[in-house]
Amino acid sequence: VEGKQCGIILRENVGPFQQNSDLFSVSENKIELVDSLITRQQRSSAINKFFATLRDDGIFSCTLKGWRDETYTVFGGDFGSEVLLDVERAAVPVLGCRSYGVHMNGYVKRDGEILIWVGKRSPTKGKYPGCYDNMVAGGISTGYAIRDTLIKEAEEEAGDPR
């Protein structure tokens, strides 16, 4: 996007991009969004419609089945740099984009020892049910700052319906 590499797409995943020349320019070593998509909003809308169609057609179903109507911000560099577009969270692995998250663990001191609090995932979770995990963790969605995400995720973990 705008001459910046945003991700790494596996060769075996290139087909759907090649079939959408109105949206992508595909060459031997790169896939680019077409130049007519100038704004963040235009790019975001176009790529999310593309992935929604793929989801509906059962393409990349291993990742797109987890569609959440939640977007992650794609930056032109490191976290917090120029924002290029916002992409559906479930599509991020297909694009090979970086995503960012927050993680929080806790500890207590008891009898001179440090004891770490360890969370355990619900047995009904779609990913890693019943496994040990961070006390609080979650992806940083579009429009959320790091601190806001940590608070939101902590509220969710505590069962706060806000």
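Only a predicted model underlies this, so the values are computations on that prediction, with no experimental measurement involved. (Residues numbered from 1 in each chain as written. Predicted model: local features only at pLDDT ≥ 70, side-chain atom pairs only at ≥ 80, totals over all residues. Heavy atoms only, no water.)

1. Considerations on unusual backbone geometry
Note the cut-off: Elements are defined by DSSP. Helices are runs of H or I of four residues or more, strands are runs of E of two residues or more, and each kind is numbered from the N terminus. Here's how the labels work: a residue is buried when its accessible area is under 20% of the maximum for its type, exposed when over 50%, partly exposed in between, all with a 1.4 Å probe on protein chains only.
The backbone of phenylalanine 60 sits at a positive phi, close to 55 degrees, despite the residue not being glycine. Locating phenylalanine 60 in the fold gives a position in the loop between helix H2 (40-56) and helix H3 (61-64). By relative accessible area, which is 14% here, phenylalanine 60 ends up buried. Positioned with a positive phi, aspartate 69 is a non-glycine residue whose angle comes to about 55 degrees. Along the polypeptide, aspartate 69 turns up in the loop between H3 and strand E3 (71-75).

2. Notes on the nonpolar core
Let me state the cut-off plainly: Only buried residues count toward a nonpolar core, which is a set of Ala, Val, Leu, Ile, Met, Phe, Trp, Tyr and Cys residues joined through side-chain atoms within 4.5 Å. In this analysis, two residues are considered to be in contact whenever any of their non-hydrogen atoms come within 4.5 Å of each other.
Of all hydrophobic cores here, the largest spans 27 residues; its most connected members are Phe17, Ile47, Phe51, Leu64 and Val87. Those elements that place two or more of their residues in this core are H2, E3, strand E4 (83-88) and helix H4 (92-95). In contact with phenylalanine 17, not counting residues within four places along its chain, are Ile9, Phe24, Val26, Ile31, Phe50, Phe51, Phe60, Val94 and Leu95.

3. Some points on the pattern of salt bridges
How we decide: Salt bridges are defined as contacts in which a side-chain nitrogen from Lys or Arg sits within 4 Å of a carboxyl oxygen from Asp or Glu.
By the definition in use, this model includes 10 salt bridges. In this structure, arginine 55 engages aspartate 56 in a salt bridge whose closest nitrogen and oxygen atoms are separated by 3.0 Å. A residue is classified by how much of its surface remains accessible, and arginine 55, at 30% relative accessible area, is partly exposed. Residue glutamate 70 pairs with arginine 89 through a salt bridge whose shortest N-O separation is 3.2 Å.

4. Considerations on the packing of aromatic side chains
As a reminder of what qualifies: Two rings from Phe, Tyr or Trp (for Trp, the six-membered ring) form a pair when their centres are within 6.5 Å of each other. A pair whose planes differ by under 30 degrees is stacked, one over 60 is edge-to-face, and the rest are tilted. In this scheme, Lys NZ or Arg CZ marks a charge over a ring once it lies within 6 Å of the ring centre and within 35 degrees of the ring normal.
Under the counting rule described, the total for this entry stands at eight aromatic pairs. Taken together, a centroid distance of 4.9 Å and an interplanar angle of 70 degrees make the contact between phenylalanine 17 and phenylalanine 24 edge-to-face. Ring plane angle 65 degrees and centroid distance 4.9 Å describe the contact between phenylalanine 24 and phenylalanine 50, whose orientation is recorded as edge-to-face. You can see phenylalanine 24 sitting in strand E1 (residues 24-26) and its partner phenylalanine 50 sitting in helix H2, a full 26 residues away along the chain. Taken together, the aromatic side chains of Phe17, Phe24, Phe50 and Phe51 make up a single cluster linked through ring pairs. For arginine 55, the ring lying beneath its charged end belongs to tryptophan 67, and the centroid distance is 4.4 Å.

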